[in-house]
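Examination of the molecular architecture
So the chains spell out like this:
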Amino acid sequence: MEFNRLSDTSPVRSFGFRLWHVQHAFVRRLEAALLPLGLTHMQYIMLRAANHLAQAGEQPTQARMAEVTGADRMMVSKVLRLLEGKGLVVRPKHPDDARAHHVVLTEAGRRMVAQAVPVAMQAQAAFFGRLGPERMEHLGGILDELLQLEGNPIVLGHIVAATTRGEA
């Protein structure tokens, strides 16, 4: 079967299959860029989300971190434990719920975020920038629309506050 004559049932014609490959290609590039900082993609995501939520005035819990990042709660706990071991976050108990933990960046964690964000943004620009500014903007709009249609807590490129999530 020729590549340009693939049937509609071929996996390489599937949006999901292609999106999965694009996502993994980007993550591989991001992981390579973050390696000198000693961070994985998931560690970066958790640090970035904790920083963003704190700057928005939230004291995020592990459950909120799972909600915002779309990661499994057990994965969030595991990654945060690793970040805690590196001295980048602390997880004090919630004052009203003994089962809940707040996620707080340490000073070292805030410095790491400040270091990692430009590295990640450069990796993102190198990967997606090959599309050109107009097509990148178009792709961003499509992604935002799909997230909004799914009721994802990230709407139009912004994390929705916990108090307004249901209204978005």
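Calculation criteria
- Residues numbered from 1 in each chain as written.
- Predicted model: local features only at pLDDT ≥ 70, side-chain atom pairs only at ≥ 80, totals over all residues.
- Heavy atoms only, no water.
- Axes fitted to C-alpha atoms, helices over the stretch in contact; angles between N-to-C directions.
- Helix = DSSP H or I, 4+ residues; strand = E, 2+ residues; numbered from the N terminus.
- Parallel < 35°, antiparallel > 145°, perpendicular 65-115°, else oblique.
- Left-handed = near helix turned anticlockwise from the far one by under 90°.
- Contact = heavy atoms within 4.5 Å.
- Nonpolar A, V, L, I, M, F, W, Y, C, P; charged D, E, K, R; others polar.
- Phe/Tyr/Trp six-rings, centres within 6.5 Å; stacked < 30°, edge-to-face > 60°.
- Buried < 20%, exposed > 50% of the residue type's maximum accessible area, 1.4 Å probe, protein only.
- 1 Å grid on protein atoms, 1.4 Å probe; cavity = no way out; pocket = protein on both sides within 12 Å on 5 of 7 lines; lining within 4 Å.
- Points joined across faces, edges and corners; volume = space filled by probe spheres on them.
- Patch = residues over 30% accessible without salt bridge, like charges linked within 9 Å, V, L, I, M, F, W, Y side chains within 5 Å.
- Areas by Shrake-Rupley, 256 points an atom, 1.4 Å probe, with all protein chains shown as cover.
- Salt bridge = Lys/Arg side-chain N within 4 Å of Asp/Glu carboxyl O.
- Core = buried A, V, L, I, M, F, W, Y, C linked by side-chain atoms within 4.5 Å.

What follows deals with the packing of helix α3 (residues 62–69) against helix α4 (residues 73–85). Contact pair α3 / α4: the axes reach a minimum separation of 9 Å and the direction vectors enclose 115°. One way to sum up the angle between α3 and α4 is to call them roughly perpendicular. In the packing of α3 onto α4, the handedness of the crossing is right-handed. Residues Q62, A63, M65, A66 and T69 of α3 form the contact with α4, whose participating residues are R73, V76, S77 and L80. Tallied by class, the residues present in the contact of α3 with α4 amount to five nonpolar, three polar and one charged.

All chains considered together, the criterion is met by three aromatic pairs. With centroids separated by 5.5 Å and ring planes inclined at 55°, the aromatic side chains of F26 and F127 adopt a geometry described as tilted. Placement of F26 in helix α1 (residues 15–34) and of F127 in helix α5 (residues 107–128) is noted, with a sequence separation of 101 residues between them. When its relative accessible area of 15% is taken as the criterion, F26 is described as buried. Here F127 falls in the buried class, since its relative accessible area comes to 10%. Summarising the aromatic geometry, the rings of F26 and F128 are spaced 5.2 Å apart at their centres and angled 45° between planes, so their arrangement reads as tilted. Here F26 is found in helix α1, whereas its partner F128 is found in helix α5, with 102 residues between them in sequence. By relative accessible area, F128 is classed as partly exposed at 22%.

Another aspect to go through is the side chain of S77. Looking at where S77 falls in the secondary structure, it is placed in helix α4. Residues contacting S77, with those up to four places away along its chain left out, are Q62 and R91.

A word on the environment of E58. As for its placement among the helices and strands, E58 is situated in the loop between α2 (41–55) and α3. The spacing of E58 and H102 is 44 residues in sequence and 9.9 Å in space, taken between C-alpha atoms.

Empty space within the second largest pocket amounts to approximately 170 Å³. Lining the second largest pocket are T61, Q62, A63, R73, M74, S77, R99, A100 and H101. At the level of elements, α3 and α4 are the ones that each hand at least two residues to the lining of the second largest pocket. Ranked by residues supplied to the lining of the second largest pocket, first place goes to α4 with three residues. Residues of the lining of the second largest pocket, tallied by class, amount to three nonpolar, four polar and two charged.

Bringing the packing of α1 against α5 into the picture now. Following both chains from N to C, one finds α1 and α5 inclined at 140°, their axes separated by 9 Å at the closest point. Judged on the interaxial angle alone, α5 and α1 are oblique. Regarding α1 and α5, the two cross each other, and that crossing is right-handed. Side by side, α1 and α5 meet where V22, A25, F26, R29, L30, A33 and L34 of the first sit next to A116, V119, A120, A123, Q124, A126, F127 and F128 of the second. Partitioning the contact of α1 with α5 into residue classes produces 13 nonpolar, one polar and one charged.

What follows is about a nonpolar patch on the surface. Nonpolar side chains collect at one region of the surface, where I142, L146 and L149 lie side by side and expose about 300 Å² of accessible area between them. Looking at the element boundaries, L146 is found in helix α6 (residues 133–149).

Next up on the list: the nonpolar core. Grouped together as the largest cluster of nonpolar side chains are 31 residues, with contacts concentrated most on L34, L39, M46, L47, M65, V76 and L83. Counting only elements with at least two residues in this core, the list comes to α1, α2, α3, α4 and α5. Considering each element in turn, this core owes the most residues, seven residues, to α5. Setting aside chain neighbours within four positions, we find L47 in contact with L39, L83, L88, V89, L105, M112 and V113.

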